[in-house]
Structures are given as structure tokens and as C-alpha cells.
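Analysis of the macromolecular model
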Amino acid sequence: MPLEIVTVPCLKDNYAYLLHHAATGETALVDAPEAAPIQAALEMRGWRLNDILITHHHGDHIDGVAALRDGVRVIGAAADAYRLPPLDLAVRPGDEVTVCSRAVEVIDVPGHTVGHVAFHIPTSAAAFTADSLMAMGCGRLFEGTAAQMWASLSRLAALPPETLICSGHEYTAANARFALTIEPENPALHARITSINASRKAGLPTVPSYLSLELQTNPFLRASLPSVKAAMGMPDAADHAVFGEIRARKDKF
Ligand code: ZN
Ligand code: FE
């Protein structure tokens, strides 16, 4: 049985995710931008946290950990332990940990930060990608190189297409406007923009999204396509170089 996944809006435009195993009652949290909305979401459902999974060290993903960690196991990347809240379980890329009685794979996704990890739960067909792969976007390259982020996105792109991509921010509308400048003729992109505009109008989150849809509409995932390379004026460039140029354009968009 897949875990129940609850999207919790936090701060201005962040998302945390609650995972819940109905049969065992176990509950986990991915990222803790701030404690109050997460506590409210837990109380409303009568859930108690067992684990907190941290994707990366930025304040908008960890500032709520201290207020939520009483009796809770805190899990994060060993490589970044020096700048994360104290970890009860330090994990490495390729590790598999058990959370909510489910296997969770730790995937290395450097780029936004060098220690950024994603968490993949195959039995729930879900991946928690925070500021690596986002809905129609990807995180800014604060620490890593374009080649690193391209490799990270490629690892995520290789997951089953039905995987739910649970990312860290509501940046989708702005990402969509940018995506249109790269692929103005992409019909899947136009269809998706119609649907996200409706979601935003209704005050609903536009995440999570399916990997299959990201593969059709996310320009950062599409840097290796001949049509995208041609549109960028880089028909013969390496995939990571085209990705890097798309990222650089987005930074100035
Ligand atoms: Zn971040
Ligand atoms: Fe963030």
C-alpha cells in the first residue's frame, strides 16, 4: 500500500511533505521550513512524527526542525552533517533507509547545494526532490556546477515516469513563463500552463507533479533534445552545456 502524502504549504512559497502509513500509524516529514503549519497539519489528522528527512541545509528547509524533533529521528546527508541540524541518522547517496516501514532510497542531487539529496520511495512511486528537480524548473546553482546539476537531473529523469515529483517551492507559474521562451511551440507545455493557471486561481498547489509530465514540459530536463539544442542555438553542444545555458538564461529572466 502506498503511503499517504500530504503537501504542507509553509513560509511564502515553500512546501513540506508529510508521509503516513495508515496501518502502522507511522508518520514522517520531508523538510521543515517552519514548525507551525506542520504541527497544525499533524494535529488535524491526529498524527505524530517518527522521522524528519532533510534534503539540504538552506534555512527554508531546516528552520523548523528544532521545534519538531522531540522524540523524532532526524535523517540527513552525512556529507552536510556539519551544516545541518544534529542528525540521528547520517545517510550517504545510494543508502536505503526504512521510514514509515517503507524502503527509502537516498539519491545524490548536487547542484543547488553540493550536499543536496533526494529521497525516493519506490513503493509509493514518489520522489522528494526539494530544490533539485522542480515543477517545470530546477534550483539555482548556488554551489554546484551545471554539469553536476545535469547529472543530478538525469538521475531523477531515469526514475519510473509515473513517479510523483514532490518539490520544495511554488515557483511553477514563473517557471512556466520561462519555459515558453525556450519551447513556444510545445503543446504539452501549453496544456500544462492552462491547468496550473486554474490551480493557482483556486489557491491550490501546483505540486507534486508526475515525472512523465516534467519530461514533456520541463526545459531543464529537455536540454539533451535536438529540438531544444537547436532552439538554444547550440545544436552540437554537450547536454550539460545546453542545460547550463538554459539555467543561465533563467537566472536573468
Ligand atoms: Zn534551497
Ligand atoms: Fe528552498
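A brief report on the enclosed structure follows. For clarity, every value in this text was computed on a predicted model and none was experimentally measured.

**A few points about empty space enclosed by the protein**
Summed over the entire model, instances satisfying the criterion amount to one cavity of 30 Å³ or more. Of the voids in this model, the largest cavity is the one considered here, and its volume is about 30 Å³. Along the walls of the largest cavity sit Tyr15, Tyr17, Val30, Asp31, Thr55, Thr129, Ala130, Cys166 and Gly168, which together make up its complete lining. Mapped by element, the contributors of at least two residues to the lining of the largest cavity are β2 (14–20) and β10 (126–130).

**Some points on the coordination of the iron ion (ligand 2)**
When a metal holds four donors in a tetrahedron, each ideal angle between them is 109.5 degrees; when it holds six in an octahedron, the ideal angles are 90 or 180 degrees. Protein-derived ligands of the iron ion (ligand 2) are Asp60 (OD), His61 (NE2), Asp131 (OD) and His169 (NE2), with the metal-ligand distances lying across 2.1 to 2.4 Å. With four donor atoms in place around the iron ion (ligand 2) and angles of 83 to 170° between them, the coordination shape is irregular. Sequence positions of the donors to the iron ion (ligand 2) reduce to the motif D-H-x69-D-x37-H. The distance between the iron ion (ligand 2) and the zinc ion (ligand 1) comes to 3.0 Å, and aspartate 131 binds to both of them. Within this pair, whereas aspartate 131 is found in the loop between β10 and β11 (133–134), its partner histidine 169 is found in the loop between β13 (164–167) and α5 (172–182), the two being separated by 38 residues in sequence. Taken individually, aspartate 131 and histidine 169 each receive the classification buried, so the pair is uniform in this respect.

**Comments concerning the coordination of the zinc ion (ligand 1)**
Protein-derived coordination of the zinc ion (ligand 1) comes from His56 (NE2), His58 (ND1), His112 (NE2) and Asp131 (OD), at a distance range of 2.2 to 2.3 Å. Given four donor atoms and angles of 83 to 173° at the metal, the environment of the zinc ion (ligand 1) is assigned as irregular. Donor residues for the zinc ion (ligand 1), ordered by position in the chain, follow H-x1-H-x53-H-x18-D.

**Looking at helix α1 (residues 36–45)**
Burial in α1 covers these residues: Ile38, Ala41 and Leu42. Within α1, the buried residues cover an arc of 100° as seen down the axis, which keeps them to one side. What points out from α1, more than 90 degrees from its buried face, is the exposed set Ala36, Glu43 and Met44. Residues of α1 that are buried sit in contact with β1 (4–10), β2, β3 (27–30) and α3 (65–68). One or two residues past the end of α1 sits glycine 46, with phi positive at roughly 70°.

**Observations concerning unusual backbone geometry**
Geometrically, the link from valine 207 to proline 208 is a cis peptide bond, its omega value of -5° lying close to zero. With respect to the helices, strands and loops of the structure, proline 208 is situated in the loop between α6 (187–201) and β14 (209–210). Although it is not a glycine, cysteine 100 sits at a positive phi angle of roughly 50°. With a phi angle near 60°, methionine 136 is a residue other than glycine that sits in the positive phi range. Residue position: methionine 136 is located in the loop between β11 and β12 (137–138).

**Looking at the sheet that holds strand β5 (residues 73–77)**
Overall, mixed pairing links the six strands, which are arranged β1-β2-β3-β4-β5-β6 in an open sheet. With partners counted over all chains shown, the strands left at the sheet margins are β1 and β6 (89–91), one partner each. Ignoring strand direction, the axes of neighbouring strands in this sheet form an average angle of 20°. Of the strand pairs in this sheet, strand β4 (residues 51–53) and β5 are connected by three bridges, and their pairing is parallel. Paired with aspartate 51 across the strands is arginine 73, a residue of β5. Most of the contacts of α1 go to β1, to which it runs at about 140°, and overall it touches β1, β2 and β3.

Conventions we followed
- Residues numbered from 1 in each chain as written.
- Chains lettered and ligands numbered in written order.
- Predicted model: local features only at pLDDT ≥ 70, side-chain atom pairs only at ≥ 80, totals over all residues.
- Heavy atoms only, no water.
- 1 Å grid on protein atoms, 1.4 Å probe; cavity = no way out; pocket = protein on both sides within 12 Å on 5 of 7 lines; lining within 4 Å.
- Points joined across faces, edges and corners; volume = space filled by probe spheres on them.
- Helix = DSSP H or I, 4+ residues; strand = E, 2+ residues; numbered from the N terminus.
- Donors = N, O, S within 2.8 Å, 3.2 Å for Na, K, Ca; no water.
- Tetrahedral: all angles 85-135°; square planar, octahedral: opposite > 155°, others 65-115°.
- Buried < 20%, exposed > 50% of the residue type's maximum accessible area, 1.4 Å probe, protein only.
- Arc of directions from axis to C-beta.
- Contact = heavy atoms within 4.5 Å.
- Pairing = 2+ DSSP bridges.
- Axes fitted to C-alpha atoms, helices over the stretch in contact; angles between N-to-C directions.

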